[in-house]
Amino acid sequence: MPKIIAVAGSTGAQGGGLVRAIQRDPSGEFTARALTRDPGSDKANALAALGAEVVAANIDDPESLKRAFAGAHGAYCVTFYWAHLSPERELSQAKAMAEAAKHAGLQHVIWSTLEDTRKHVPLSDRRMPTLMGKYKVPHFDAKGEADQFFAGLPTTFSYASFYWENFIYFGMGPKQGPDGVFALNLPMGNKRMTGIAADDIGACALGLFKRRDEFVGKKVGLAGDALTGAQMAEALSKALGKPIRYNAVPLDVYRNLGFPGADDLANMFQFYADFEPLLLASRDVRLSRSLNPALQSFDQWLTANASRIPLG
Ligand SMILES: NC(=O)c1ccc[n+]([C@@H]2O[C@H](COP(=O)([O-])OP(=O)(O)OC[C@H]3O[C@@H](n4cnc5c(N)ncnc54)[C@H](OP(=O)(O)O)[C@@H]3O)[C@@H](O)[C@H]2O)c1
């Protein structure tokens with residue numbers, strides 16, 4: 001009998017990639033139980049068509065999580081910061097998932113976490129503004145703080161990289177400047193940033209579930225490439241067939257762009273840039289490829305996806 005992996009966020013980027021990877025895995029070692037708030041949605045139906053069991057669950061509702069994790073071998077736990085912009089809500093959702101995992105006696109949990117940047121940039125450090133009274137990078141810090149809830153469980157702490165899909169869906173694609181030339185606007189100076197195709201995160205997670213004994217209790221950082229803004233702009237130019245310039249936006253300009261979370265993202269890029277060696281050491285392309293041999297580089301991702309990048 002295939003072992004059940006309960007997957008939070010199954011209709012989203014990370015969880016969706018994992019459900020697809022599990023259901024397409026020829027070994028059949030696992031089967032996915034896809035958690036969604038709406039089992040009747042088109043996305044949920046597409047997962048069911050792959051053979052996944054689709055169940056109703058809400059990560060704000062601890063009892064629904066207990067039901068969804070019961071009888072499973074493992075669970076993929078992820079929170080959705082950008083749906084609500086509340087670190088406190090992420091903390092209580094992570095706690096609810098960890099408690100449900102304990103209640104179900106799961107053999108393996110993957111917690112999709114990120115660094116608590118306050119361990120590297122104390123709140124007193126004025127080079128990076130403190131946000132919401134007690135965070136530096138709210139959408140990182142709350143996940144890192146939530147690690148404590150998973151500490152007593154057989155957990156792998158998985159750190160994702162910047163999704164290249166942000167160039168398609170998150171408004172981060174090249175923008176036309178006043179001179180008509182398109183520019184990739186990122187506040188990364190000349191530092192390298194690790195990135196990944198969102199689908200590959202789930203495919204790597206399948207690798208972690210397969211190699212449970214090696215990775216329980218470990219931190220694993222996932223990446224498909226580590227590139228500077230200039231290198232990404234060059235690759236985008238080739239793939240899109242038009243010149244894309246890299247514009248190293250000053251952090252304070254980015255912070256004040258005015259969209260919800262701009263200050264949070266600016267601090268994230270500052271963390272990526274100021275702690276480049278730490279980030280590059282913690283996100284390991286070679287290890288990611290060993291977990292997922294089909295892992296895409298940025299060029300490979302562009303070959304498949306460049307036509308989906310809106311040029312605005
Ligand atoms: N974008 C990046 O570059 C990046 C990089 C690293 C980490 N991250 C982190 O990734 C996390 C998001 O993961 P993702 O990109 O996989 O998310 P996503 O694609 O936005 O997917 C969210 C899915 O989660 C489900 N969902 C939302 N609220 C829920 C709730 N209360 N209970 C149950 N399900 C809920 C929704 O499914 P239903 O509607 O079907 O319930 C939705 O399809 C964020 O916290 C972010 O910080 C992002």
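Residues numbered from 1 in each chain as written. Predicted model: local features only at pLDDT ≥ 70, side-chain atom pairs only at ≥ 80, totals over all residues. Heavy atoms only, no water.

Colleague: Would you mind going over the overall build of the chain with me for this structure?
Modeller: Secondary structure summary: the chain contains 14 helices and 13 strands in total. A globule of 312 residues ought to have a C-alpha radius of gyration of about 20 Å, and the chain, at 19 Å, matches this closely. Principal axes of the C-alpha set define a box for the chain whose edges measure 60 × 45 × 35 Å. In the chain, which comprises 312 residues, the proportion classed as buried is 54%. For the chain, long-range pairs separated by at least 24 residues make up 76% of all intrachain contacts whose partners lie at least 6 apart in sequence. A total of about 13,400 Å² of accessible surface is found on the chain, and carbon and sulfur atoms cover 53% of it. (Helix = DSSP H or I, 4+ residues; strand = E, 2+ residues; numbered from the N terminus. Rg over C-alpha atoms; globule rule 2.2 N^0.38 Å. Buried < 20%, exposed > 50% of the residue type's maximum accessible area, 1.4 Å probe, protein only. Contact = heavy atoms within 4.5 Å. Areas by Shrake-Rupley, 256 points an atom, 1.4 Å probe, with all protein chains shown as cover.)

Colleague: Even after reading the chapter, I still don't get the layout of surface pockets, so can you show me in this structure?
Modeller: The gaps of empty space that remain are located by a probe, the size of a water molecule, rolled over the atoms. There is about 1,400 Å³ of room inside the largest pocket. Ala13, Thr79, Phe80, Trp82 and Tyr163 are, among the 45 residues lining the largest pocket, the residues nearest its centre. With four residues, helix 1 (residues 13–24) is the single largest residue contributor to the lining of the largest pocket. The residue inventory of the lining of the largest pocket, partitioned by class, reads 21 nonpolar, 15 polar and nine charged. (1 Å grid on protein atoms, 1.4 Å probe; cavity = no way out; pocket = protein on both sides within 12 Å on 5 of 7 lines; lining within 4 Å. Points joined across faces, edges and corners; volume = space filled by probe spheres on them. Nonpolar A, V, L, I, M, F, W, Y, C, P; charged D, E, K, R; others polar.)

Colleague: Quick question: what am I supposed to make of the sheet that holds strand 10 (residues 192–196) here?
Modeller: Through backbone hydrogen bonds, the strands of a sheet pair up, either in parallel or in antiparallel fashion. Spatially, the three strands line up as an open sheet ordered 7-10-12, and their pairing is mixed. The open sheet has two free edges, formed respectively by strand 7 (162–163) and strand 12 (225–228), since each of these has just one partner strand. Pairing analysis gives four bridges linking strand 10 to strand 12, with the strands arranged antiparallel. Within the sheet, the bridge partner assigned to threonine 194 lies in strand 12 and is alanine 226. (Pairing = 2+ DSSP bridges.)

Colleague: Looking at this model, I keep getting lost on the pattern of salt bridges. Mind explaining?
Modeller: For side chains bearing opposite charge, pairing can occur when the charged atoms are close. All chains considered together, the criterion is met by 18 salt bridges. Put simply, lysine 66 and glutamate 63 hold a salt bridge, and the shortest N to O gap is 3.5 Å. A residue pair is termed a helical-turn pair when its members lie 3 or 4 positions apart in one helix, as lysine 66 and glutamate 63 do in helix 3 (residues 62–69) at three residues. We classify lysine 66 as partly exposed; its relative accessible area is 26%. A relative accessible area of 44% means that glutamate 63 is categorised as partly exposed. (Salt bridge = Lys/Arg side-chain N within 4 Å of Asp/Glu carboxyl O.)

All we've got here are geometric facts, nothing functional implied.
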